[in-house]
Amino acid sequence: MDERGDVVELRSSPLDVAAAVAAVGDADGGAIAMFLGATRQETREDGRKLLGLEYEAYCEMAEAQMRRLAEEARRRWPICRLVMLHRIGRVEVGQPSVLIAVSTPHRAQGFEACRFLIDQLKSEATIWKKEIWGDGSSTWVGMVRD
Amino acid sequence: MKVRLRMFAILRERSGVSEMELELAEGATVADAIEEVGKRFASVSACCHGLQLL
């Protein structure tokens, strides 16, 4: 956590939604907006079912990139508090892999800031994911984009 | 010059190493480093080909 109370981190343990909501609570924050990205179930044409995703990151660089994005979002919108978390390690189907929460005076600012942060995080951060399939096979997806 | 190289994801898995040191000529570029890695690990040369340089 930095001096403004922002929490920008990679986590190897499950993301705590309630703790994130509490962390962005602010007397000036009339709106709290959150984006949660989760592992989506998937079945391939050959019948393989997705069990989960395995995330790997160049942690020092990814966290620095995430902090830069937080700074950029703060320049664009009047953000009171901000939480940006991304999982590393195994994330089962249905479990959250990324959490972005911001408190702002009004809702439009919060929606826009969340949209900006998740779009930029996915296209820029040095985080890779591997699909783990029920038959024991796995596939690297590369830079996190979708 | 000595360059410390870190490998992630598919490159780490295929090469079996997460970190290595390369000895490159002065003035060498990132593309030179990638070419060297491709020579050293046949298993990653296909991936190195389409590698995105940031």
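Residues numbered from 1 in each chain as written. Chains lettered and ligands numbered in written order. Predicted model: local features only at pLDDT ≥ 70, side-chain atom pairs only at ≥ 80, totals over all residues. Heavy atoms only, no water.

Comments concerning the side chain of A:Arg48
All names here are of chain A.
Now for step 1: Mapped onto the elements of the fold, Arg48 is located in the loop between strand E2 (31–38) and strand E3 (50–57).
Now for step 2: Residue Arg48 is classed as buried on the basis of its relative accessible area of 19%.
Now for step 3: A distance of 2.8 Å separates the side chain of Arg48 from the side chain of Ser137, its partner in a polar contact.
Now for step 4: Those residues in contact with Arg48, other than ones at most four positions away along the chain, are Glu42, Thr43, Trp133, Asp135 and Ser137. (Helix = DSSP H or I, 4+ residues; strand = E, 2+ residues; numbered from the N terminus. Buried < 20%, exposed > 50% of the residue type's maximum accessible area, 1.4 Å probe, protein only. Polar contact = N/O pair within 3.5 Å; in protein donor to acceptor, adjacent residues only side chain to side chain. Contact = heavy atoms within 4.5 Å.)

Let's talk about the environment of A:Pro14
Residues and elements named next belong to chain A.
Now for step 1: With respect to the helices and strands, Pro14 occurs in the loop between strand E1 (7–11) and helix H1 (17–24).
Now for step 2: Looking at Pro14, the relative accessible area reads 64%, which means it is exposed.
Now for step 3: With 73 residues separating them along the chain, Pro14 and Arg87 place their C-alpha atoms 7.5 Å apart.

Side note on the packing of aromatic side chains
Now for step 1: Following the criterion strictly, the structure yields 3 aromatic pairs over all chains and no others.
Now for step 2: Here the aromatic rings of A:Tyr58 and B:Phe8 are separated by 5.0 Å at their centres, their planes lie at 20 degrees, and the arrangement is stacked. A residue pair is termed interchain when its members come from two chains, as with A:Tyr58 in the loop between E3 and helix H2 (59–76) and B:Phe8 in the loop between strand E1 (2–6) and helix H1 (9–15).
Now for step 3: Taking the relative accessible area as the measure of exposure, A:Tyr58 reaches 22% and is therefore partly exposed.
Now for step 4: Pairing A:Trp77 with A:Phe116 gives two aromatic rings, centres 5.5 Å apart and planes at 55 degrees, and the pair type is tilted. Highlighted residues: A:Trp77 in the loop between H2 and strand E4 (81–87) and A:Phe116 in helix H3 (residues 107–124), separated in sequence by 39 residues.
Now for step 5: Note on A:Trp77: relative accessible area 14%, which makes it buried.
Now for step 6: By relative accessible area, which is 12% here, A:Phe116 ends up buried.
Now for step 7: Through a chain of ring-to-ring contacts, three or more aromatic side chains come together here, namely A:Tyr58, A:Trp128 and B:Phe8.
Now for step 8: The residue whose ring lies beneath A:Arg48 is A:Trp133, and the NZ or CZ to ring-centre distance is 5.0 Å. (Phe/Tyr/Trp six-rings, centres within 6.5 Å; stacked < 30°, edge-to-face > 60°. Lys NZ or Arg CZ within 6 Å of the ring centre and 35° of its normal.)

Some details on a nonpolar patch on the surface
Residues and elements named next belong to chain A.
Now for step 1: On the surface, Val17, Val21, Ile32, Met34 and Leu36 cluster together into a nonpolar patch covering about 340 Å² of accessible area.
Now for step 2: Within the residue set of the nonpolar patch, elements represented by two or more residues are H1 and E2.
Now for step 3: For the nonpolar patch, the leading source of residues is E2, giving 3 residues.
Now for step 4: On the secondary structure map, Met34 appears in strand E2.
Now for step 5: For Met34, a relative accessible area of 30% puts it in the partly exposed group. (Patch = residues over 30% accessible without salt bridge, like charges linked within 9 Å, V, L, I, M, F, W, Y side chains within 5 Å. Areas by Shrake-Rupley, 256 points an atom, 1.4 Å probe, with all protein chains shown as cover. Salt bridge = Lys/Arg side-chain N within 4 Å of Asp/Glu carboxyl O.)

With respect to H3(A)
Residue and element names in this part refer to chain A.
Now for step 1: The end-to-end C-alpha distance of H3, which contains 18 residues, comes to 26 Å, matching closely the 26 Å that a straight helix rising 1.5 Å per residue would cover.
Now for step 2: Looking only at H3, the buried set comprises Gln109, Gly110, Ala113, Cys114, Phe116, Leu117, Ile118 and Leu121.
Now for step 3: In this fold, the buried residues of H3 make contact with E2, H2, E4, strand E6 (96–104) and strand E7 (127–133). (Expected span 1.5 Å × (residues − 1).)

Notes on the sheet that holds E4(A)
All names here are of chain A.
Now for step 1: Pairing in this open sheet of 4 strands is mixed, and the strands run E1-E4-E6-E2 from one edge to the other. The open sheet has two edge strands, E1 and E2, and neither has a second partner. Shown here is a sheet whose adjacent strand axes are inclined to one another by a mean of 10 degrees, direction ignored.
Now for step 2: In the sheet, E4 pairs with E6 via 6 bridges, with the strands oriented antiparallel. Bridged to Leu82 within E6 is Val102.
Now for step 3: Running at roughly 150 degrees to E1, H2 makes contact with E1 and E4 of the sheet.
Now for step 4: Lying on the sheet, H3 is in contact with E2, E4 and E6; it crosses E6 at an angle near 145 degrees. (Pairing = 2+ DSSP bridges. Axes fitted to C-alpha atoms, helices over the stretch in contact; angles between N-to-C directions.)

A look at the nonpolar core
Now for step 1: Within the largest apolar cluster, 29 residues are counted, with the highest numbers of intra-cluster contacts made by A:Leu82, A:Met84, A:Val102, A:Leu117, A:Leu121 and A:Ile127.
Now for step 2: Those elements giving two or more residues to this core turn out to be E1, E3, H2, E4, E6, H3 and E7 of chain A.
Now for step 3: Broken down by element, this core gets its largest block of residues, 6 residues, from H3(A).
Now for step 4: Other than its neighbours up to four places away in sequence, A:Leu117 contacts A:Leu69, A:Ala70, A:Ala73, A:Leu82, A:Met84, A:Ile100 and A:Val102.
Now for step 5: Among the nonpolar cores identified, the runner-up in size contains 11 residues, and B:Met20, B:Leu22, B:Leu24 and B:Cys47 belong to it. (Core = buried A, V, L, I, M, F, W, Y, C linked by side-chain atoms within 4.5 Å.)

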